[in-house]
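If you want the building blocks of each chain, they are given just below.
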Amino acid sequence: MPHEYFCHACDAVSPEQRDREADAEDELVVHRRDTHGGLKPAAGDGVRRVHAEARGDGCLPSGSLWALVFFLALFLANCWGR
C-alpha cells in the first residue's frame, strides 16, 4: 500500500504517494526542516498508509457496490421484460 506524510499544524500532505514508507518519512523530514525549522510540530505529523483504491474524499461507492448495482439492474431488467 502507498504511504504519505501528513502535518496537522499546517494541513500539509504529501504531493505524491510513495510505495515505500521510508520515502514518505524522508519527505516528512524535509517538510519539518523547511517549514518548521526541523522541529516536530505540536499539532502532530507522521506517515500513514493509504489504500490504493481510495478515490479522494470517500463519497464515491467502491467497485463492489457498482457491481451489485449493475447485477441488480440486469435482474430487474430481465424481470421487467416478461
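1. Some remarks on the packing of aromatic side chains
Stage number 1. Counted by the stated rule, this structure contains one aromatic pair.
Stage number 2. The interplanar angle of 70° and the centroid separation of 5.4 Å between the aromatic rings of F70 and F71 together place this pair among those described as edge-to-face.

2. A word on the side chain of E4
Stage number 1. Its location among the elements puts E4 in strand β1 (residues 3-7).
Stage number 2. Sequence-distant contacts of E4, defined by excluding residues within four places in its chain, comprise V13, S14, Q17, A24, G46, V47, R48 and V50.

3. So, unusual backbone geometry
What is expected of a backbone is that most residues other than glycine have negative phi and most peptide bonds are trans.
Stage number 1. Backbone geometry at D11 places phi at a positive 55°, although glycine is not the residue there.
Stage number 2. Mapping D11 onto the fold places it in the loop between β1 and β2 (12-13).

4. Quick look at helix α1 (residues 21-36)
Stage number 1. Here α1 spans 21 Å end to end across 16 residues, near enough to the 22 Å set by a 1.5 Å rise per residue.
Stage number 2. Every buried residue belonging to α1 is among A24, E27, L28 and H31, and all of these are buried. When α1 is viewed along its axis, its buried side chains cluster within an angular range of 105° and face the same direction. Opposite the buried face of α1, by more than 90 degrees, sit the exposed residues V29 and R33.
Stage number 3. In this fold, the buried residues of α1 make contact with β1, β2 and β3 (45-49).
Stage number 4. After α1 finishes, the residue G37 shows a positive phi value of roughly 65°.

The rules behind the values
- Residues numbered from 1 in each chain as written.
- Predicted model: local features only at pLDDT ≥ 70, side-chain atom pairs only at ≥ 80, totals over all residues.
- Heavy atoms only, no water.
- Phe/Tyr/Trp six-rings, centres within 6.5 Å; stacked < 30°, edge-to-face > 60°.
- Helix = DSSP H or I, 4+ residues; strand = E, 2+ residues; numbered from the N terminus.
- Contact = heavy atoms within 4.5 Å.
- Expected span 1.5 Å × (residues − 1).
- Buried < 20%, exposed > 50% of the residue type's maximum accessible area, 1.4 Å probe, protein only.
- Arc of directions from axis to C-beta.

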